[in-house]
Amino acid sequence: MGFFRKNQGPDTVLVDFDRLPRHIAIVMDGNGRWAKKRGLPRRAGHAAGAEVFRTIATYCKDIGLDYLTVYAFSTENWKRPQDEVDAIMGLLKKYLLEAIGQMERDRVKMAFFGDLSLLTPELRELCHRTQEISKRYEGCQVNICLNYGGRDEIIRAARAYALDCQEGRADPNHLSQAEFSGYLYSRGVPDPDLIIRPSGELRLSNFLLWQSAYAEYYFTGVLWPDFTKEELHRAIASYQGRNRRFGGV
Ligand code: IPE
Ligand code: IPE
Ligand code: MG
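The sections below set out a description of the structure shown in this document. Since the structure is predicted, the reported quantities are computational estimates derived from the model, not experimental observations.

1. Things to note about the sheet that holds strand S7 (residues 194-197)
Then step 1. Spatial strand order, S5-S6-S4-S3-S7-S8: six strands in an open sheet with parallel pairing. This sheet does not close on itself; its edge strands, each paired only once, are strand S5 (109-113) and strand S8 (216-219). Going from strand to strand, the sheet's axes swing by 20 degrees on average, the running direction of each strand aside.
Then step 2. Running at roughly 140 degrees to S5, helix H5 (residues 121-134) makes contact with S5 and strand S6 (141-148) of the sheet.

This is the structure in structure tokens:
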């Protein structure tokens, strides 16, 4: 990978590919509005968003990113009309079947963050299979947040930790941040350096609450199905211009 890459187009974005963030997280938002703008059903927006996810995930592996985490379905998204939830779950099944079919070609390591017990047994099995088969791949790890909520994740970690204390496996007087992190879905994964939210909303919507403590943010009005590699370059270039102090000087 060259040191700098100049992108085509009117506004040139300079990205230093030797200084990429280690972990990028994305709230894949705006599918419904994208469809509405075109007079299409919301599910068409989700289908378009799934394709963009495929493109961006493959690109992240190609440029040598270590971790990509995407928010695909939140613990609050069950509130949506049943036919929309069904459409999203159907797309997920299609995506996972295709991902499993092309695994040897794509060689992307995949993991899932979230409570998968609320998914259908078939979907749950597909998630487990995808995770198991792709374990042996090196390079970018893509974490898909499914039925994921930051608060839910913290509560589950607290419960698991309390149980370990009760059963003598942990000592509450010595709980450290690192130890607590080990109880989260994201155990073993470094915190995100850059969180991208498309669609113009300026909120986290319960995404990676613990892990985002010192993340840099990039908000853009682009809707997720319109998101491109160029937009990703803009986000990374913006990140590379920041001064991260972590409370220091
Ligand atoms: C994100 O797009 C996908 C999910 C939340 C599953 P939305 O469906 O939230 O799209 P908007 O925000 O309504 O445009
Ligand atoms: C966040 O988007 C969840 C996902 C993208 C999966 P939402 O569309 O659910 O968030 P709100 O409702 O705008 O906060
Ligand atoms: Mg939304």
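2. Considering the layout of surface pockets
Then step 1. Estimated volume of the largest pocket: approximately 660 Å³.
Then step 2. Lining of the largest pocket is provided by 29 residues; of these, Met-28, Asn-31, Tyr-71, Ala-72 and Phe-73 occupy positions nearest its centre.
Then step 3. The set of elements that each furnish at least two residues to the lining of the largest pocket consists of helix H1 (31-37), helix H2 (42-63), strand S4 (67-74), helix H3 (82-101) and S6.
Then step 4. Tallying contributions element by element places H2 first for the lining of the largest pocket, with five residues.
Then step 5. Partitioning the lining of the largest pocket into residue classes produces 14 nonpolar, nine polar and six charged.

3. Structural notes on the packing of aromatic side chains
Then step 1. Applying the stated criterion across every chain, the model contains eleven aromatic pairs.
Then step 2. Summarising the aromatic geometry, the rings of Phe-180 and Trp-210 are spaced 5.0 Å apart at their centres and angled 50 degrees between planes, so their arrangement reads as tilted. Here Phe-180 is found in helix H7 (residues 177-181), whereas its partner Trp-210 is found in the loop between S7 and S8, with 30 residues between them in sequence.
Then step 3. When its relative accessible area of 28% is taken as the criterion, Trp-210 is described as partly exposed.
Then step 4. Among the aromatic residues, those joined into a ring-pair cluster are Tyr-71, Tyr-148, Tyr-185 and Phe-207.

Thresholds applied
- Residues numbered from 1 in each chain as written.
- Chains lettered and ligands numbered in written order.
- Predicted model: local features only at pLDDT ≥ 70, side-chain atom pairs only at ≥ 80, totals over all residues.
- Heavy atoms only, no water.
- Pairing = 2+ DSSP bridges.
- Helix = DSSP H or I, 4+ residues; strand = E, 2+ residues; numbered from the N terminus.
- Axes fitted to C-alpha atoms, helices over the stretch in contact; angles between N-to-C directions.
- Contact = heavy atoms within 4.5 Å.
- 1 Å grid on protein atoms, 1.4 Å probe; cavity = no way out; pocket = protein on both sides within 12 Å on 5 of 7 lines; lining within 4 Å.
- Points joined across faces, edges and corners; volume = space filled by probe spheres on them.
- Nonpolar A, V, L, I, M, F, W, Y, C, P; charged D, E, K, R; others polar.
- Phe/Tyr/Trp six-rings, centres within 6.5 Å; stacked < 30°, edge-to-face > 60°.
- Buried < 20%, exposed > 50% of the residue type's maximum accessible area, 1.4 Å probe, protein only.

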